[in-house]
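What the coordinates show
Here is how the chains run, residue by residue.
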Amino acid sequence: MNTTKIGWAGLGNMGIPMAENLIKAGYPVTVYNRSKQKEMILTAFGASAANSPASLVHQSDVVIIMVSDDKAIQDIFTGADGLLSTNLSGKIFINMSSVSPGISKEMDQLCKVQNNNYIDAPVSGSVKQAIEGQLVIMVGGDNTIYETVKPILEKLGKLSMLVGATGAGNTAKLAINTLLAFNAQGLAEAIVFARENGVATADLLTLINNSALGNIFMKIKGDAILQDNYKAAFALKHIAKDLRLAKQEGLHTPLADAVFTSFQNAESLLGEEDIISIIKQL
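**Quick look at the nonpolar core**
- Trp8, Met18, Leu22, Ile64, Ile94 and Met96 are the most contacted members of the largest nonpolar core, which has 33 residues in total.
- Of all the elements in the fold, those that place two or more residues in this core are strand E1 (6-9), helix H1 (15-24), strand E2 (29-32), strand E4 (62-65), strand E5 (92-95), strand E8 (135-140) and helix H7 (143-153).
- Setting aside residues up to four positions removed in sequence, methionine 18 forms contacts with Trp8, Met66, Met96, Val123, Ala130, Leu135 and Leu156.
- Counting 28 residues, the second largest nonpolar core, distinct from the first, contains Leu180, Leu187, Phe217 and Ala224.

**Digging into H7**
- Within H7 the residues assigned to the buried category are Ile145, Tyr146, Val149, Ile152 and Leu153. Viewed along the axis of H7, the buried residues span an arc of 95°, placing them on a single side of the element.
- Here H7 starts with a cap whose side-chain oxygen sits 2.9 Å from the backbone nitrogen of threonine 144, and that cap is aspartate 142.

**Observations regarding the environment of serine 85**
- Secondary-structure assignment places serine 85 in the loop between helix H4 (70-78) and E5.
- Once you skip the residues sitting within four places of it in the chain, serine 85 turns out to touch Ala54 and Phe77.
- Separated by 2.7 Å, the side chain of serine 85 and the backbone oxygen of glycine 82 make a polar contact.

**Examining the packing of aromatic side chains**
- Tallied over the full model, the rule gives 2 aromatic pairs.
- Ring centres of phenylalanine 77 and tyrosine 118 lie 6.1 Å apart, and the angle between their planes is 55°; on these two criteria the pair is classed as tilted. You can see phenylalanine 77 sitting in helix H4 and its partner tyrosine 118 sitting in strand E6 (residues 117-120), a full 41 residues away along the chain.
- On the accessibility criterion, tyrosine 118 (4% relative accessible area) is buried.
- Among the aromatic residues, ring-to-ring pairing joins Phe77, Phe93 and Tyr118 into one connected group.

**So, H1**
- Taken across its 10 residues, H1 has 9 buried, putting it largely inside the fold.
- Turning to H1, its buried residues are Gly15, Ile16, Pro17, Met18, Ala19, Glu20, Asn21, Leu22 and Ile23.
- Positive phi shows up at glycine 26, right after H1, with a value of about 95°.

**Considering a nonpolar patch on the surface**
- On the surface, a cluster of nonpolar side chains totalling about 240 Å² of accessible area is made up of Leu159, Met161 and Val163.
- Note that methionine 161 resides in strand E9 (residues 157-164).

**Points about the pairing of E4**
- Side-chain alternation along E4 places Val62 and Ile64 on one buried face and Val63 and Ile65 on a second face that is also buried.
- Summarising the sheet, E1 and E4 pair through 4 bridges and their orientation is parallel. Its bridge partner lying in E4, isoleucine 6 is registered against valine 62.
- Sheet topology places E4 next to E5; 4 bridges connect them, and they run parallel. Bridge pairing in E5 links isoleucine 65 to asparagine 95.

**Re the pattern of salt bridges**
- Inspection of every chain in the model, using the stated rule, returns 11 salt bridges.
- Taking the shortest distance from any N to any O, the salt bridge between lysine 237 and glutamate 272 comes out at 3.0 Å. Residue lysine 237 is located in helix H11 (residues 236-248), and its partner glutamate 272 is located in the loop between helix H12 (254-270) and helix H13 (278-281); the two are separated by 35 residues in the primary sequence.
- Notably, a salt bridge pairs aspartate 242 with lysine 241, separated by 2.9 Å at the nearest N-O pair. Of the two residues examined, aspartate 242 and lysine 241, each falls in the buried class.

What counts and what doesn't
- Residues numbered from 1 in each chain as written.
- Predicted model: local features only at pLDDT ≥ 70, side-chain atom pairs only at ≥ 80, totals over all residues.
- Heavy atoms only, no water.
- Core = buried A, V, L, I, M, F, W, Y, C linked by side-chain atoms within 4.5 Å.
- Buried < 20%, exposed > 50% of the residue type's maximum accessible area, 1.4 Å probe, protein only.
- Helix = DSSP H or I, 4+ residues; strand = E, 2+ residues; numbered from the N terminus.
- Contact = heavy atoms within 4.5 Å.
- Arc of directions from axis to C-beta.
- Polar contact = N/O pair within 3.5 Å; in protein donor to acceptor, adjacent residues only side chain to side chain.
- Phe/Tyr/Trp six-rings, centres within 6.5 Å; stacked < 30°, edge-to-face > 60°.
- Patch = residues over 30% accessible without salt bridge, like charges linked within 9 Å, V, L, I, M, F, W, Y side chains within 5 Å.
- Areas by Shrake-Rupley, 256 points an atom, 1.4 Å probe, with all protein chains shown as cover.
- Salt bridge = Lys/Arg side-chain N within 4 Å of Asp/Glu carboxyl O.
- Pairing = 2+ DSSP bridges.

Below is the structure:
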């Protein structure tokens with residue numbers, strides 16, 4: 001059994017299977033989530049539960065955070081009973097949320113004031129990869145801290161890589177999700193064009209999947225379109241948010257401008273559906 005005590009804050013679609021994988025690996029895991037019903041999923045699996053972020057820090061050596069956006073990060077770190085309200089030192093905080101490089105740099109500085117350590121470690125992959133421990137993890141921060149927590153990250157993903165200083169992991173994540181948006185809209189546009197010119201979607205997808213363009217994303221999202229199934233594996237609202245963050249960091253290229261506009265326009269109606277529901281907007 002691993003002796004490092006892990007705290008987990010944020011039990012969404014990704015957080016639950018990721019925390020489960022750490023429990024399966026033998027780590028003592030304590031969880032915190034605003035929805036206590038979600039905590040019960042993991043306490044039934046062997047986790048303990050904390051009644052606040054501050055309590056979570058008291059019970060943990062390493063705290064992993066997986067929440068939705070910059071505001072949620074600000075709240076969980078600096079709010080009443082937040083992670084940093086304890087004034088404890090020697091803790092490691094791993095922020096695996098898809099957030100801005102700026103919020104990571106801000107939280108890193110606040111952690112350093114208390115002699116704690118912070119790394120950003122967002123992931124590429126969806127619920128299936130989270131369940132299977134096959135995520136790709138991009139890390140920003142100090143190399144010594146990265147090497148310390150690397151065995152933990154290896155239980156969550158097939159690859160973890162330190163890509164630079166604090167915030168670099170978040171920047172890499174925004175770059176990857178920009179490419180994800182390109183792929184989603186590109187597939188949708190190809191299908192719309194083919195349909196309008198008499199080519200069946202199933203036939204087009206067979207051709208794509210047997211060509212050099214074929215990949216797992218095209219297969220999964222193509223099947224979703226065929227089945228008219230837009231239940232969110234990665235919600236459109238999240239890619240819209242990530243494109244806004246990328247814009248704030250200076251993203252300005254022609255394709256990026258196009259997908260930014262498409263996903264912002266689609267968010268109000270399709271935000272809770274999967275990213276590939278962008279085909280409805282087109």
